[in-house]
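Listed below are the residues making up each chain.
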Amino acid sequence: GGAKLTVQTWNCRDMQFYMPDSIDLVTEYLLGVDADILCLQEFTFDKACYQPLRAAFEARDYYMAHVNRDAVVSRFPVISERSVPIESAYDNAALLVDLLMSDDDTLSVICVHLESNNLSDSDKDGYEEALHSREREKVESEAAYLTGKLAKSAQTRARQVNVLAQCVDSIAAH
């Protein structure tokens, strides 16, 4: 067998807004994973709250690439990085990095956060109410609304995947 490569992806869900006091726990967890490559979505190294995490990775000789709200943290040197623009309601983009695995070998990594289902808390409440409703019209109305919303998000993800497939094809052609 060949060498083992450990890769982990993690959606940080913009923790600085939802759990600002959790950065130390997250840092401890991510360092404990001991991954060769970490792909982090909804993560912004530029935010002051993430500086301790960045410093902890740097102290362990990790390399970092960061575009928009995606980051790749790697034990292998980053030799190039670029943003891959994708359609998104939340200003998401994919991050493409090339890592130097050995003197004559590279690995391309794409870190991406695809479009979410875009369901609000109100949408979720409406769904819960429809589940318990005995009114057929209410159930049908809520089902039609949610189906439309989910379909729109699925269509956006399909277009995003097509862009990423073209990116992979371009990498494979070289």
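Before reading on, note that the structure itself is shown above.
Residues numbered from 1 in each chain as written. Predicted model: local features only at pLDDT ≥ 70, side-chain atom pairs only at ≥ 80, totals over all residues. Heavy atoms only, no water.

## Some thoughts on unusual backbone geometry
Stage number 1. Of note in the backbone geometry, Asn-68 takes a positive phi value of approximately 55° without being a glycine.
Stage number 2. Following the sequence through the fold, Asn-68 ends up in the loop between β3 (63-67) and β4 (70-74).
Stage number 3. Accessibility expressed as a relative area gives 30% for Asn-68, which makes it partly exposed.
Stage number 4. The phi angle at Asn-118 is positive, at roughly 60°, despite the residue not being glycine.
Stage number 5. By the secondary structure assignment, Asn-118 is in the loop between β7 (105-111) and α4 (121-132). (Helix = DSSP H or I, 4+ residues; strand = E, 2+ residues; numbered from the N terminus. Buried < 20%, exposed > 50% of the residue type's maximum accessible area, 1.4 Å probe, protein only.)

## Topic: the environment of Glu-28
Stage number 1. Checked against the element boundaries, Glu-28 lands in helix α2 (residues 23-33).
Stage number 2. Note: C-alpha distance between Glu-28 and Ala-56 (28 residues apart in sequence) is 9.1 Å.

## A few points about the packing of α2 against helix α3 (residues 51-59)
Stage number 1. Closest axis-to-axis distance for the α2/α3 pair is 9 Å, and the angle between their directions is 25°. Put simply, α2 runs roughly parallel to α3. With respect to the hand of their crossing, α2 and α3 are arranged in right-handed fashion. For the pair α2 and α3, the contacting residues are Thr-27, Leu-30 and Leu-31 in the first and Leu-53, Ala-56 and Phe-57 in the second.
Stage number 2. Here the residues of the contact of α2 with α3 are counted per class, giving five nonpolar, one polar and no charged. (Axes fitted to C-alpha atoms, helices over the stretch in contact; angles between N-to-C directions. Parallel < 35°, antiparallel > 145°, perpendicular 65-115°, else oblique. Left-handed = near helix turned anticlockwise from the far one by under 90°. Contact = heavy atoms within 4.5 Å. Nonpolar A, V, L, I, M, F, W, Y, C, P; charged D, E, K, R; others polar.)

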